[in-house]
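Working through the structure, step by step
Read off the chains here:
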Amino acid sequence: GAEAVRAAMGGSASVLPRDALSEYQELTFLNKQEILLAYKRFSELLPKEERENACSVRVPKSQILTLPELRANPFQHRICRVFSTSNAGDDSMSFEDFLDMLSVFSDSATSDIKSHYAFRIFDFDDDGTLDRKDLEKLVNCLTGQGEESRLNNAEMEQLIRNILEESDIDKDGTINLSEFQHVISRCPDFARYSSICG
Amino acid sequence: EVFLPEEMRGPAPVDFLQELPSYQSALRRRTAATTAGSQERRAAPEGFAGLRAAEAQGPKPEGSELALRPAREHPGSMAERRRLRDHQQVDIKYLSGWEQWKRTSSKSLKRALSEVKELSSYLKLWRRDIHSIEGKFGTGIQSYFSFLRFLVLLNFVIFILMFSFVTLPSVISKSGVFNSSFAKIPLRNIDSHCTVYEPSGNKGLVYFYTYLKDLLTGTGILEVTVLFYGYYTIDAAWISMMRYNLPLAYLLATFAYLALSLLWIIIRSVEGFKQNLVHAEDQFQSYCNKVFAGWDFCITDTNAARLKHRSLLYELQTDLEEERRKEKIAGRTMKEKLRIYALRVLVNVVVIAVLSGCFYSIYRATVFSQEKSNVSMVYMTLEANLLVQYLPSIVITLANFIAPLIFSFLITFEEYSPAFEIRLTLMRCIFVRLASIAVLLFSLWSQISFCVTDKCNACGYNYELYPCWETDVGREMYKLMIFDFIIILAGVLFLDFPRKLLVTHCPCKLVQWFGLQEFGISDNVLEIVYGQTICWIGTFFSPLLPAIATIKYFIVFYIKKISLKYTCKPAAKPIRASSSNFFFLVVLLIGLVLAFVPLGISIARIPSSKACGPFRNFNTSWAVVPDTVLGFPKGLQQVLYGIASEAFAVPFFMVVCLIMFYFIALAGAHKRVVELLREQLVLVRSESTFL
C-alpha cells in the first residue's frame, strides 16, 4: 500500500508500518504525530542507505548525542546508557529505545515512570542505590564542568548531608528507589522540569 | 559482622516505607488490583539486577482480578512492555464477555479523550508563543505569560456576563427593537432638585481635540454612552412583552462576576495551595527539589545551558550560605538581638511614614483634581485639562514607582534572611499598590458626600457637583485604566528600548556595568494585578470596562513579549515555577478581596444617585434585593429571612468550626503517624544489621 508507493517514488523518507504505529501508541505515552516525528528524526540520524529499515538498525551513541535535546544536557551519557538495550555495551540506541526515551520525557508520562527513570539516570555506578559518590557526581553535573564551577569540599559535604537528611528515611546513608520516589512525589518542580518540550 | 544476603535485607525497611501516606495515595492512584499491588511490595529490590528481574516477572494475574494498569505505565524496555501487554491480552480471553466489553470500551474512551485533549490544546490562545518563551527564558517567566492569558480570558468572560445581562437588554429596550420599551418610573418622596441631571454631551460645533479629550477622560460624548452607569436610567424594561427587571439584573450581574472571579481563582490555586500546605514543614524550596528536579530538560541551547549551570551553582551556594547564616543568627547574643529589634522598629516606622506620605499626596491630588474639574474647563488648554484630570493617576504611578525603591533600600538594614527579605519587600509593595486605589476612592467619596446645606443632606450626596456620582467614580476608574496602559506602553518604548540601544552601542564602562535589564517578574505581576483590581472595582460603575481590560491585556501580552525578546537578559537569580504560580494567584486574590470592600460600601451604604441609573427609586443600590424578596411568595420569604437570621447563622458557624477542627486534628494525627513510622524504620534497619 502506502509503503510501496513511497518506495516507488524513491524518496529518502520511509514510512512506519501502520500496525507498528498503533502498537507504539499503545505502549508509549506519545501520540501519533509525535511518533511519526520521532521516526523522521531517527531516520535522519542514519546514513542514507540504512534508512529503509530504520526500525531494526542501531544508531551509535555519538550520533544520538547530536540531538538538540541531548546536546546541552549534562546527563546525556547516563541517558544513553539507561535507555540503550544494546547487548554490546556500546550505548547504541534502536528506534524503540529512542521512542522509550521520548515517551518517558514527554508531558503525558506519569510521575512514577519519570521518577523511576530519573533514579536510574542519577545512579552513576548502577548499583541500585544513590550513595554519596553518586550524589557528588550528580551535583557536579548540575553545576557544570570546569574547576571554577564546582562547589568546594565543605559546601559539597554540607549539601550532601542536607540531601540525605531530607530523603534518607532509614538512615543507611544511601537513597533507594522507594525513598527517591517518595521524595520526588513532594518535589513540585519535578514534573515540569523533567519534560522535553516541543 | 555477619552480612545478610541482599534479598533478605531488602524488603523489611521498604515495607514500612510503603505504609507512608504519600506512598499509599500514589498506590491508590494506580488502578492496580490487589494481587498486582502485593507483587509490587514483594518485588521492590535493591540491586539493579533485582530491578530488571522484578520487571521481567511482571504481575501474574489470577482469576478475574486482572492488572488494570496499562502496559505503558510499566517501567522497562519496549520489549518487556510488549510481553506484558501480550500477557494481559491472553488473560482477557478468560474474562467474561461483560468484562471484555468494559475493557475495550474504556480503552476506546481513553483514546477518544486523548484526541479531544490534543484538539483542545490547539485552540488554546497563544499556545505557540508561550511555548517558545518557555524554551528560551524558562518556566518562571512563562508562568507570568500564562497568568496574563488567564486574565484576558477572565476579563472576556466578565464582559460577556455584563454585556448579556445589563448592556444588551438596555440597548434593546431603549432602541425599541423587537417591540421593546422601557419606563422611567416617576420618583415618589424624593425632592426634585436631586433628580436634575443634564450631561453636556457636546452639542454644536466643537474642536476636534475635544473628542480626543473626551476619549481620554471619559467626559463629554462618552459620558452619555453605554460605557458609564448614567446610561442605564431604566426602572423597568419590556423586551417583546416580557418584563425585565433591570435594576435587579444589574446588581446580580455584579455579584455574579465577583463570585465567578473568586471561584475561578480558587480553583486555579488549589493545586499550588495543596503543595504549599504539605511542604510547610520542610523548607519549600528544599535541597532535594533543587538537586533532583533542578535541571530543566527543555534547554536545547548550549548558551542557555551554561547560564543554567551558573544559576544552579549560584542558587545552591546561596542556600548553603543562608543555612550557615541561620546558624549564626541563632547564636546571637542578647545585646545584638536588642540592637536589631530596635533597628527593625525604626525601619518600620520609616516605612509607615513613607506610606502615609504617599497616601496623603494621593488624597490631596484627588481633591485638587475634583475641585478644578468642577470649575468650567473651557478656559483651560487641552494639556492643562488633561493634566488636571489625570493628576491622581500620575501621583499614584509615581508613588508606585518610588516606594518600592525606598523599601528595597530600607530592608537591608533589617538583617532578615534573603528569602524573607524578598517576601517582606513584596508584601509592602503589594500594599502600596492596592491601598492607593482605596485611598483614591476614599478621597472621591469624601468629596461626593461633602454636604453643608440641608438641601444637599436631603439627597444624601453633593447633588450640585455630582448629580450622577456613579458615573464620576466610573470615570476615575476608566482614567486609571487608560493611564496604566499608557504607562506600560511608555515604559517599554522610552525605558527598555533606549536602554538596549545604549548598552549595545555605547562602550562606556558605566553603561556596561548597568547592563540590560532583567525581566522583573514580581514588578510586572503587581502591575497587572493592579490593573485587574481597578477593573473589578470599576465594572459596577462602568459595565464596558472589562472589554477595555481584555483589549488592554491582549496588547500588553505582545508588548511584553517583544520587550522580553529584544531588551531583556536572562535572570541571574532563578525563579521557581511552582512557587510563582501560587504567588501570582495569591496576589490576585488579595486584589479581589480588596475590590470587595469599596464595592460593598458603595452598594450597601452610600445612597444611590437619584438623577440617573437603575437604582433611582431605592435608597441604596442594595435595597433592590429586599424589595424583590418582598415580592416573593410568603413561604419563600420565610425561608430567606430564616437563612439570614441569627438563629441559623450561629449554629451554621459552629458546625463549620467543628468541621475545621476535625480536619486540623486529622492532619496532626497523620503527622504523628509519619513520625512514628520513620522512627520505626530506623529502628528496624539498625536491628537487622545487628542480627
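Residues numbered from 1 in each chain as written. Chains lettered and ligands numbered in written order. Predicted model: local features only at pLDDT ≥ 70, side-chain atom pairs only at ≥ 80, totals over all residues. Heavy atoms only, no water.

1. Here's the deal with a nonpolar patch on the surface
Residues and elements named next belong to chain B. On the surface, a nonpolar cluster with roughly 690 Å² of combined accessible area is contributed by Phe632, Leu636, Val639, Leu640, Ile643, Phe648, Phe652 and Val656. Per element, the largest residue contribution to the nonpolar patch is four residues, and it comes from helix α24 (residues 634-644). Structurally, the position occupied by valine 656 is in helix α25 (residues 646-690). (Patch = residues over 30% accessible without salt bridge, like charges linked within 9 Å, V, L, I, M, F, W, Y side chains within 5 Å. Areas by Shrake-Rupley, 256 points an atom, 1.4 Å probe, with all protein chains shown as cover. Salt bridge = Lys/Arg side-chain N within 4 Å of Asp/Glu carboxyl O. Helix = DSSP H or I, 4+ residues; strand = E, 2+ residues; numbered from the N terminus.)

2. Observations concerning the nonpolar core
Of all hydrophobic cores here, the largest spans 115 residues; its most connected members are B:Phe145, B:Phe147, B:Tyr257, B:Trp469, B:Trp536 and B:Phe540. Leaving out residues up to four positions away in the same chain, B:Phe147 has contacts with B:Val525, B:Ile528, B:Val529, B:Phe584, B:Leu585 and B:Leu588. Ranked by size, the runner-up nonpolar core spans 78 residues in total, among them A:Phe75, A:Leu99, A:Ile113 and A:Ala118. (Core = buried A, V, L, I, M, F, W, Y, C linked by side-chain atoms within 4.5 Å. Buried < 20%, exposed > 50% of the residue type's maximum accessible area, 1.4 Å probe, protein only. Contact = heavy atoms within 4.5 Å.)

3. Some words on the packing of aromatic side chains
Aromatic rings in a pair are described by how distant their centres are and how their planes are angled relative to each other. This structure, assessed with the given rule, holds 43 aromatic pairs over all chains. Between A:Phe83 and A:Phe105, the aromatic rings sit 6.1 Å apart at their centres with planes inclined by 55 degrees, giving tilted as the arrangement. Of the two residues, A:Phe83 sits in helix α6 (residues 76-83) while A:Phe105 sits in the loop between α7 (95-104) and α8 (111-122), which places them 22 residues apart along the sequence. By relative accessible area, which is 3% here, A:Phe83 ends up buried. Ring centres of B:Phe147 and B:Phe584 lie 5.3 Å apart, and the angle between their planes is 45 degrees; on these two criteria the pair is classed as tilted. Of this pair, B:Phe147 sits in helix α9 (residues 139-175) while B:Phe584 sits in helix α22 (residues 577-604), and the two are 437 residues apart along the sequence. By relative accessible area, B:Phe584 is classed as buried at 1%. Feature note: the residues B:Tyr229, B:Tyr231, B:Tyr232, B:Tyr250, B:Trp469, B:Phe540, B:Phe541 and B:Phe615 constitute an aromatic cluster, connected by ring pairs. (Phe/Tyr/Trp six-rings, centres within 6.5 Å; stacked < 30°, edge-to-face > 60°.)

4. So, the interface of chain B and chain A
Across the boundary between the two partners, chain B contributes 72 residues, which contact 78 residues of chain A. Taken together, both faces of the contact between chain B and chain A bury some 6,800 Å²; the carbon and sulfur share is 58%. Considering only the side of chain B, the residues that lose the most area to chain A are B:Arg72, B:Phe292 and B:Phe297, jointly responsible for 13% of the buried surface there. In this structure, the connection of chain B to chain A is made through six salt bridges. Residue B:Lys107 is joined to A:Glu26 by a salt bridge in which the shortest nitrogen-to-oxygen separation is 3.6 Å. (Buried area = accessible area lost by both parts, 1.4 Å probe.)

5. Quick notes on the domain arrangement of chain A
Note: interface size is frequently given as the accessible area lost on complex formation between the parts. All names here are of chain A. In terms of domains, chain A is made up of domain 1 (18-105) and domain 2 (111-197). Here the C-alpha centroids of domain 1 and domain 2 sit 26 Å apart. In this complex, domain 1 contributes 11 residues to the contact, which on the side of domain 2 involves 15 residues. Between domain 1 and domain 2 the total buried area reaches about 1,300 Å² when both faces are included, carbon and sulfur atoms providing 72% of it. Summed over the three residues of domain 1 that lose the most area to domain 2, namely Phe75, Arg78 and Phe105, the buried surface amounts to 48% of that side. Summed over the shared surface of domain 1 and domain 2, the number is two salt bridges. When residues of the side of domain 1 that touches domain 2 are assigned to their parent elements, the largest contribution, five residues, is made by α6. Tallied by class, residues from the side of domain 1 that touches domain 2 come to eight nonpolar, no polar and three charged. (Domains from an automatic or database assignment. Nonpolar A, V, L, I, M, F, W, Y, C, P; charged D, E, K, R; others polar.)

6. A look at the UniProt feature "domain: EF-hand" (unreviewed entry) in chain A
As recorded in UniProt, the feature "domain: EF-hand" (unreviewed entry) lies at residues 110-145 and 155-190 of chain A. Split by type, residues 110-145 of chain A is 67% helix and 0% strand. Its first and last C-alpha atoms lie 31 Å apart. (UniProt positions renumbered as here; feature names shortened; annotations may be inferred.)

7. Regarding the UniProt feature "transmembrane region" (unreviewed entry) in chain B
Within the UniProt annotation, "transmembrane region" (unreviewed entry) is assigned to residues 150-172, 248-267, 341-363, 390-413, 425-445, 477-495, 582-601 and 648-669 of chain B. Secondary structure content for residues 390-413 of chain B is 88% helix and 0% strand, and the end C-alpha separation is 36 Å.

8. Some thoughts on the pairing of strand β2 (residues 236-239) of chain B
All names here are of chain B. In this sheet, β2 lies alongside strand β1 (residues 181-183) in antiparallel orientation, the contact comprising three bridges. Looking at the pairing, serine 181 lines up with tryptophan 238 of β2. Bridge count between β2 and strand β3 (residues 242-244): three bridges; the pairing is antiparallel. Residue isoleucine 239 lies in a different strand from β3, and its bridge partner there is methionine 242. Linkage of β2 to β3, two consecutive antiparallel strands, is achieved through a turn of two residues, within which serine 240 is found at a positive phi near 35 degrees. (Pairing = 2+ DSSP bridges.)

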